[in-house]
Amino acid sequence: MLYALFQKLTQFQSSFNALSYLSSRAILSLLTAIFISMVLYPPLIKWLRALKLGQPIRELGPASHMEKKGTPTMGGVVIIFATVASALLWMDLGNRHLWTLVIVSLGFGIVGFLDDYLKISKKNPQGLASRWKMLGLVGFGVLAIAWHLWSAANLVPKIPWYSVSTLNIPFVKDWVVNLSYLYAPFALLVVTGSSNAVNLTDGLDGLAIGPVITCSIALLVLSYVTGNVVVAKYLYYHTVHGSGEITVFLAGLIGASLGFLWYNTWPAQVFMGDSGALPLGGIIGAVAVITGHEILLIIMGGVFVVEALSVIIQVGSFKIRQKRVFRMAPLHHHFEKGGWPEQKITIRAWILSFMLALFSILTLKLR
């Protein structure tokens, strides 16, 4: 909205052109999202406490978590609102990638909100049944992927539809695999899998939001490169038409996440809940799909991958061998059971995630 306004004002005053640059709009999007978050969280936390809309805690969880019982949840609603609002203010509304990300943000956010609401209203940590949760994620995921593929074929005339179905291989130049009709289900798996992985990681104060920020920073850099023909050509990198605008969306996401982290650091004043974890993971997965970094997402999102794998290994081992591999899953609970303080687990996860994000950016040259 404001982007279009500044473009018109440039006709009368050239100085407004500085605010229409991609870098300027990314910074403004980040600051806008932080401002929205910092304004909305205090009254939201106060309101949630007054209504006693606190997070129910699993009885089988670590004993130290019982003191978290009653902490306000659904803080993710503000993250998504601040992110989408900032994007609509500062992005080019004609950019097709914006609407792919909006579908994922709002769609997955609705599923997460329903899950949180059922947890709170019924005082039951289980919330929405797993099958209904997955059905909702898959439904909105299909809608987002369908729009992504349709818009590529119909809104970008010079790009054949099958070029979107290619899978880029990191560390090598000009090596791609055309998945053809398998691309759509693969993209859906990436988006929904990323969503669930972030949700599984969200078990300690600040644990999930830190890697979300580092992944967003890495994807912001990669999105800028794939959207800039000159830079991509210099680096012998693939290009994605219009993906540069995604940097504005991700900047807003980073700002909203920082605003949330202010109130989510230990001891947390508010939890993001599924209202935040599901759409945040979905957004990261969707950006990876749009920009052709699906495989690289495994590296930059290594913390999320390990957390998800720990659950799969634990469940599989118990069903097959009737034995547990970890003291408790996801993995952060295993370390808690081993006596690690919550803050140590969280900070070390942030450090690892930061290193993985830097390595992901470094792959621009390691080819």
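Residues numbered from 1 in each chain as written. Predicted model: local features only at pLDDT ≥ 70, side-chain atom pairs only at ≥ 80, totals over all residues. Heavy atoms only, no water.

Student: Give me the overall build of the chain: which residues, what numbers.
Tutor: A tally of helices and strands in the chain yields 14 helices and two strands. The C-alpha radius of gyration computed for the chain amounts to 20 Å, which stays within 12% of the reference 21 Å derived for 367 residues, consistent with globular compactness. Along the first, second and third principal axes, the C-alpha set of the chain runs to 60 × 50 × 35 Å. Within the chain, the fraction of its 367 residues that count as buried is 51%. Contacts in the chain between residues at least 24 apart in sequence constitute 74% of all its contacts with a sequence separation of at least 6. In the form shown here, the chain has an accessible surface area of approximately 17,200 Å², with 70% of it arising from carbon and sulfur atoms. Of the side chains in the chain, 27 bear a positive and 14 a negative charge, and the two mean positions are spaced by 3 Å. (Helix = DSSP H or I, 4+ residues; strand = E, 2+ residues; numbered from the N terminus. Rg over C-alpha atoms; globule rule 2.2 N^0.38 Å. Buried < 20%, exposed > 50% of the residue type's maximum accessible area, 1.4 Å probe, protein only. Contact = heavy atoms within 4.5 Å. Areas by Shrake-Rupley, 256 points an atom, 1.4 Å probe, with all protein chains shown as cover. Lys, Arg positive; Asp, Glu negative; His and termini not counted. Charge placed at Lys NZ, Arg CZ, Asp CG, Glu CD.)

Student: Explain the environment of Leu155 residue by residue, including any values.
Tutor: In this fold, Leu155 is placed in the loop between helix H5 (130-154) and strand E1 (166-168). In contact with Leu155, not counting residues within four places along its chain, are Arg96, Trp147 and Trp150.

Student: So what's going on with H5? Which residues, and what values?
Tutor: For H5, which comprises 25 residues, the first-to-last C-alpha distance of 36 Å matches the rise-based estimate of 36 Å (1.5 Å per residue) to within 8%. For H5, the set of buried residues is Lys133, Gly136, Leu137, Gly141, Ala144, Ile145, His148, Ser151 and Ala152. Packed against the buried residues of H5 are helix H4 (96-121), helix H6 (183-201) and helix H10 (273-291). (Expected span 1.5 Å × (residues − 1).)

Student: Give me the lowdown on the nonpolar core, citing residues and values where you can.
Tutor: By size, the foremost hydrophobic cluster in this structure holds 79 residues, and its most contacted members are Tyr41 and Ile79. When neighbours within four sequence positions are excluded, Ile79 is seen to be in contact with Tyr41, Ile209, Leu253, Ala256, Ser257, Phe260, Met272 and Leu280. Leu204, Leu207, Ile345 and Ala349 belong to the second-largest nonpolar core, a separate cluster that totals five residues. (Core = buried A, V, L, I, M, F, W, Y, C linked by side-chain atoms within 4.5 Å.)

Student: Just give me the short version of the packing of H4 against H10, but keep the residues and values in it.
Tutor: To describe two helices that pack against each other, one gives the angle between their axes and the distance between the axes. Look at H4 against H10: their axes get within 7 Å of each other, and the N-to-C directions meet at 155°. One way to sum up the angle between H4 and H10 is to call them roughly antiparallel. Handedness of the crossing formed by H4 with H10: right-handed. Partitioning the contact of H4 with H10 into residue classes produces eleven nonpolar, eight polar and four charged. (Axes fitted to C-alpha atoms, helices over the stretch in contact; angles between N-to-C directions. Parallel < 35°, antiparallel > 145°, perpendicular 65-115°, else oblique. Left-handed = near helix turned anticlockwise from the far one by under 90°. Nonpolar A, V, L, I, M, F, W, Y, C, P; charged D, E, K, R; others polar.)

Student: Please set out the side chain of Ser165 residue by residue, giving values where relevant.
Tutor: Positionally, Ser165 belongs in the loop between H5 and E1. Overall, Ser165 belongs to the buried group, its relative accessible area being 2%. Apart from residues lying up to four places away in sequence, Ser165 is in contact with Val177, Asn178, Leu179, Ser180 and Tyr183.

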